[in-house]
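# Topology and contacts: notes
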Amino acid sequence: MREDPTHEPPRFVVGIDLGTTNSAVSQVDTEEKPWRVETFDLLQLTALSTLERRETLPSFHYQPTVADSDGGALDLPWQSGEPSHVVGTLARDRGAEVPGRLVASAKSWLSHSGVDRTAALLPWHGAADVRKVSPMEVSARYLAHVRQAWGHAYPEHPLEEQDVVLTVPASFDEIARELTVAAAKKAGLPRVVLIEEPQAAFYAWIYRRDQSGEAALEAGQNVLVLDVGGGTTDLTLIRVEDEADGGLMFRRVAVGDHLILGGDNLDMALAHHLEERLAKGGLDRRQWSVLIHRSRQAKETLLGRLPPEKVVITLPGGGSRLLGGALSVELGLEETRELLVEGFLPRATLAEAPAPRASGFRELGLPYAPDSGITRYLAKFLSSHGEDGAAVRPDVVLFNGGFFAGEALRDRVLEVLGSWFGDGGWAPRVLRSERLDLAVAQGAAYFGMVRRGEGERIRGGLAHAYYIGAEQHGAAGAAALCLVPSGLEEGHDVTLETSSATDLDFELLIREPVEFPIFTSSTRSGDRPGDLVEVDPEQLKALPPIRTVLRSGKKKGAEKVRVRVHARLTEIGTLAVWCSEAVGNRSWRLEFDVRSAVQTDVSEHQAVGEAAGIVEEETVATCERLVDEVFGFQGKTARPEQLTKRLEEAAGQGRWEWPPSLLRAIWQALADRERGRAYSIAHEARWLNLLGFALRPGFGVAVDDWRVGRTWQLFHRNLVHARNEMCRGEWWVLWRRISGGLTAGQQRALAQSLLAQLKGPAGEKLRRRTHEAAEIRRLLASLEWLEPQVKERLGEEALLDLDQYGVKVLSGAQHWALARLGARVPAYGPPSGVVDVEIVETWLERAMAVGGGARELVFAVMQMARLTGDRFRDVSNSVRERVLEWLAARGASDHYLELVREGGELDTGEERLVFGDSLPRGLVIR
């Protein structure tokens, strides 16, 4: 964000830190000489705003009930009308009592690559009457709250007109940074700059050093910034170096991997520990949410200054016993320290690696770090960034984040570092920080002044190196080209051209779907732009690829263009990539694929489909010719009924063995000859059948989202032979087969159309057409992006049919529908979209009351009772026992029983039941 030299810069520089448990705002009034950083938490901002209510910390978001709003307790001086939400401690405290209305840890959600971060999925386990919001929307609401409070305090200087610096975890990936900027714009803050939180914490120390006269650092020293907040752990290494003029400069040399591991994990660990003593059979979901809140309070009390010897934690009674039957338990000081200090800061050795096992914390839906031992991640970090195989020794430590408010936790880190590097009682110097919860905001404001040319700058630029996937003719194995090196400063760019040293020649395919694999590394600090490296998963992390169709002019044919590749680290800290013609003036901006990045894990392309094998071009050409003989523009020279068999003969294998690369080539041939489906009923039925078969399940191969988008255009053109039942049946099968690749909006459009057709007398007539009705039920049940309320309605209709017709209804379609609608583990959709467990428990009881043991019904019961480890999704223990007895009595497989009793993954046959087809060879459900 460069200032226009012809205009006066804004009066205020503002730093904003939206933490998980603490949030703060800092300001510099540049008209004061000398300038100073004034830092306050949101309680002080509230006071500035003459807002007479409790402190607001924007890490909690609560949607009030009517009862909340009646007394005006939620009114804000800058608002009119009833508030739709409230943020802060009031939200946290009220939300602990009504957890289905509370959103927390929004910053962690914004960095969660396994969910759609722009989709309305929070609260994760929301109440039925709560309008869900996306992680980006929640972040925008927090920032809007700060902007409005600021505007009330400083009406002459709106926040949107000031220099605003937002803090983000150092390990935020490019997508999370882009979404943070988008949230700021949505909140009315169009001009923001991002700074990594550990750097901001160090800037705060620089400012305090200048104010207090604390001893300076020395050249050659390594500073470890250990930033553990409520949600994430950030590790950063800063080296002190000599300047040419005799002074010192600071260079950020390393950043750790992204870890969702922090105070939230301590709260859950305490809660799990206490649950074992409070209730042998486990707490219900409401009690558990209250216990999490009480555990947080107990942790802050017992790990703080002058802690008591014990605290008493009390929970409301379960079920209908809200007044009577309260539960209480004592939690001791030593017990807490033993559990938390030993559990999260164990005395690990420097050679001890983090355990790869899955985290036991699943209730909140976030991908927590697999190992809770922060010291083990610290050992890995220091070992990865040393020289000559030796770990780097931190001479100085700066603690940051609310996690380290407890002295016992800081002392343990120093003890462990001493055991790794100590010789004769060595210990690192600890930089002083009076308010760990305010330092990041303070440093952000200081950084804003650094950008104006005042104060000391930390050098270092980009925290990670970025790479773009590259193909080498005749070479085996995947390769990646260093696109942007770590350390690139903001506002700088690099250009990659044809290199005689590496014999690289960049060609760009335009007017056809293309994919650019993107990788990042926090450990390969020595790579330079143009270096070609092997893709080692231990060192290179795959990011969501850049996928696009690059357009140029009005031509339609594909074209290869020689290009130069450019990349730039923008002024606000995001990455821009584009290609320009080597000879010519055309240029194409390559946008990071935010849609792919925010979809569930299943839509991340990791070359899984391609790994199953690439067929020879001759085979592809033969298959394309066979498709053309049936659907081509030159006339019908072959019968559609024989096409599948002829394709199998050409490929030399049955259609269920075709690899995804051949399937997508067949899809392309069919899509290019869409007009041929109009030749006859048989042509359209075969065309629809093969089109869906070749694109199933709608994901798993590069640019499948583009293919699904093109196929979706059919929905609006509808059927040619709409009166024919066979064509209508194939139409619904097509959409079911590719449903996993449809967007939430497309799935809603499909569902609305189908549900409208099932209403009234016409709908009753449709239900009597057994085959078509069965396919419609299967299709509706496969749309996992639908709201839980819609799924509940569909499930109830399926059960009504079961009650009326028994196990013979619609040839098992309703059983299959129940298996998808009530599944505890979705095939591709978000876990937050599953039907409420209490409703599924009633479905189980009704399903088990149906006579017989049809395969689809047994599968449905297993799917609805499958163990996930998430109490908000799992059925109660009593229901689980009844399900196990029911399954055993009907001869269910040992694996079914294991999935219900212990959880686990579906095998290949079970996956086929989920999708109604086998997956293409090489594709798996994750």
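Note that the coordinates shown come from a computational prediction; the quantities given were computed from them, not determined experimentally.

This part covers the overall build of the chain. On a plain count of helices and strands, the chain comes out with 30 helices and 26 strands. Looking at the chain as a whole, 57% of its 926 residues qualify as buried.

One pass over the structure, following the stated rule, counts 22 aromatic pairs. Ring geometry for Trp-667 against Trp-706: centres 6.2 Å apart, planes inclined by 75°, an arrangement best described as edge-to-face. Here Trp-667 is found in helix 17 (residues 660-671), whereas its partner Trp-706 is found in helix 19 (residues 704-717), with 39 residues between them in sequence. Residue Trp-667 is classed as buried on the basis of its relative accessible area, which comes to 0%. The rings of Trp-35, Tyr-203, Tyr-207, Tyr-446 and Phe-447 are connected pair by pair, giving a single aromatic cluster.

Of all residues in the chain, 82% attain a pLDDT of 70 or more, and the chain-wide mean is 80. Per-residue pLDDT, averaged within each element of the chain, yields its smallest value for helix 14 (residues 594-598) (35) and its largest for helix 18 (residues 681-695) (96). Per-residue pLDDT stays below 50 along residues 43-59; that stretch engages in 63 contacts with residues further than four places along the chain or on separate chains. Throughout residues 498-503 the model reports pLDDT below 50, and contacts reaching past four residues in sequence, or to other chains, amount to six contacts.

With that settled, consider the sheet that holds strand 11 (residues 248-255). An order of 15-14-9-10-11-16 is seen for the six strands of this open sheet, with the pairing classed as mixed. The outermost strands of the open sheet, each flanked by one partner alone, are strand 15 (429-430) and strand 16 (458-459). Here strand 9 (residues 222-228) runs beside strand 14 (residues 396-400); their pairing, made up of five bridges, is parallel. Directly across from Leu-224, in strand 14, lies its bridge partner Val-397. Helix 7 (residues 197-212) rests against strand 9, strand 10 (233-242), strand 11, strand 14, strand 15 and strand 16 of the sheet, and its axis sits at about 110° to strand 14. Together, strand 9, strand 14 and strand 15 form the strand contacts of helix 12 (residues 407-421), whose direction differs from that of strand 14 by roughly 155°.

Take the side chain of Ser-521 next. Examined against the element boundaries, Ser-521 turns out to sit in strand 21 (residues 513-521). Within the local environment of Ser-521, its side chain forms a polar contact with the backbone nitrogen of Arg-524, the two atoms lying 3.1 Å apart. Excluding residues within four positions of it along the chain, Ser-521 makes contact with His-464, Ala-465, Tyr-467, Gln-539 and Leu-540.

What follows is about unusual backbone geometry. Residues Leu-122 and Pro-123 are joined by a peptide bond in cis, for which omega reads 5°. In this structure, Pro-123 sits in the loop between helix 4 (106-110) and helix 5 (135-153). The step from Arg-696 to Pro-697 runs through a cis peptide bond, and the omega angle for that step is -5°. Tracing the chain through its elements places Pro-697 in the loop between helix 18 and helix 19. Of note in this structure, Asn-718 is not a glycine but carries a positive phi near 65°. Mapped onto the fold, Asn-718 is located in the loop between helix 19 and helix 20 (725-737). On the basis of relative accessibility, which here comes to 39%, the residue Asn-718 falls in the partly exposed class.

By size, the foremost hydrophobic cluster in this structure holds 98 residues, and its most contacted members are Ile-16, Leu-291, Phe-404 and Leu-417. No other element matches the eight residues that helix 5 contributes to this core. Setting aside its immediate chain neighbours within four residues, Leu-417 contacts Leu-224, Leu-378, Leu-382, Pro-394, Val-397, Gly-422, Trp-426 and Pro-428. Formed by 93 residues, the second largest nonpolar core is a distinct cluster that contains Leu-783, Val-858, Leu-887 and Tyr-896.

In this sheet, strand 11 lies alongside strand 10 in antiparallel orientation, the contact comprising seven bridges. Note on strand 11: the bridge partner recorded for Ile-238 is Arg-252. Pairing geometry for strand 11 and strand 16, over two bridges, is parallel. If you follow Phe-250 over to strand 16, its bridge partner there is Ile-458.

Packed helix pairs are characterised by how far apart their axes lie and by the angle those axes make with each other. For the pair helix 11 (residues 374-384) and helix 12, the least separation of the axes is 11 Å and the interaxial angle reads 40°. By the angle between their axes, helix 11 is oblique relative to helix 12. The handedness of the crossing between helix 11 and helix 12 comes out as right-handed. Where helix 11 abuts helix 12, its residues Thr-375, Leu-378, Ala-379 and Leu-382 lie against Val-416, Leu-417, Trp-420 and Phe-421. In terms of residue class, the contact of helix 11 with helix 12 is built from seven nonpolar, one polar and no charged.

Inspection of every chain in the model, using the stated rule, returns 48 salt bridges. Here Glu-415 ties to Arg-412 by a salt bridge, and the two come within 3.4 Å at their closest N and O atoms. Pair noted here: Glu-415 and Arg-412 are both in helix 12, with a separation of three residues, about one helical turn. Look at Glu-415 and you get partly exposed, because its relative accessible area is 38%. A salt bridge links Glu-624 to Arg-673, with the nearest nitrogen and oxygen atoms 3.4 Å apart. Here Glu-624, found in helix 15 (residues 617-631), pairs with Arg-673, found in the loop between helix 17 and helix 18; they are 49 residues apart in sequence, far enough to count as distant. Taking the relative accessible area as the measure of exposure, Glu-624 reaches 37% and is therefore partly exposed. Taken together, the shared-partner salt bridges connect Glu-342, Arg-347, Arg-412 and Glu-415 into one network.

A word on helix 15. Given 3.6 residues to a turn, an α-helix orients residues that are three or four positions apart in the same direction. The terminal C-alpha atoms of helix 15 lie 21 Å apart, and with 15 residues this matches the ideal 21 Å at 1.5 Å per residue to within 8%. Where helix 15 is concerned, the buried positions are Thr-619, Val-620, Cys-623, Leu-626, Val-627, Glu-629, Val-630 and Phe-631. In the core, the buried residues of helix 15 are packed alongside helix 16 (643-651), helix 17 and helix 18.

Bringing the environment of Val-130 into the picture now. Summarising the element assignment, Val-130 is placed in the loop between helix 4 and helix 5. Of the residues examined, Val-130 reaches a relative accessible area of 7% and is grouped as buried. Placed 29 residues apart in sequence, Val-130 and Arg-101 show a C-alpha to C-alpha distance of 6.5 Å.

Here we take up the packing of helix 10 (residues 333-344) against helix 12. In the contact formed by helix 10 and helix 12, the axes pass within 10 Å of each other and the chain directions differ by 40°. Judged by the inter-axis angle, helix 10 sits oblique to helix 12. The element helix 10 and its partner helix 12 pack so that their crossing is right-handed. Where helix 10 abuts helix 12, its residues Arg-337, Val-341 and Glu-342 lie against Ala-408, Leu-409 and Arg-412. Grouping the constituent residues of the contact of helix 10 with helix 12 by class yields three nonpolar, no polar and three charged.

A separate point is the environment of Arg-528. Mapped onto the secondary structure, Arg-528 falls in the loop between strand 21 and strand 22 (532-534). When the C-alpha atoms of Arg-528 and Cys-482 are compared, they prove to be 6.3 Å apart, with 46 residues separating the residues in sequence. With residues near it in sequence (within four places) discarded, Arg-528 still touches Cys-482 and Pro-485.

Tracing the backbone shows Thr-233 in strand 10. What makes Thr-233 buried here is its relative accessible area of 1%. Measuring from C-alpha to C-alpha, the distance between Thr-233 and Phe-403 comes to 9.5 Å, with 170 residues separating the pair along the chain. If near-sequence neighbours (up to four positions away) are discounted, Thr-233 is found in contact with Asp-227, Val-228, Asp-257, Leu-259, Leu-261 and Ile-374. In this structure the side chain of Thr-233 is engaged in a polar contact, spanning 2.5 Å, whose partner is the backbone oxygen of Leu-261.

Reading guide: rules and limits
- Residues numbered from 1 in each chain as written.
- Predicted model: local features only at pLDDT ≥ 70, side-chain atom pairs only at ≥ 80, totals over all residues.
- Heavy atoms only, no water.
- Helix = DSSP H or I, 4+ residues; strand = E, 2+ residues; numbered from the N terminus.
- Buried < 20%, exposed > 50% of the residue type's maximum accessible area, 1.4 Å probe, protein only.
- Phe/Tyr/Trp six-rings, centres within 6.5 Å; stacked < 30°, edge-to-face > 60°.
- pLDDT = per-residue confidence, 0-100.
- Contact = heavy atoms within 4.5 Å.
- Pairing = 2+ DSSP bridges.
- Axes fitted to C-alpha atoms, helices over the stretch in contact; angles between N-to-C directions.
- Polar contact = N/O pair within 3.5 Å; in protein donor to acceptor, adjacent residues only side chain to side chain.
- Core = buried A, V, L, I, M, F, W, Y, C linked by side-chain atoms within 4.5 Å.
- Parallel < 35°, antiparallel > 145°, perpendicular 65-115°, else oblique.
- Left-handed = near helix turned anticlockwise from the far one by under 90°.
- Nonpolar A, V, L, I, M, F, W, Y, C, P; charged D, E, K, R; others polar.
- Salt bridge = Lys/Arg side-chain N within 4 Å of Asp/Glu carboxyl O.
- Expected span 1.5 Å × (residues − 1).

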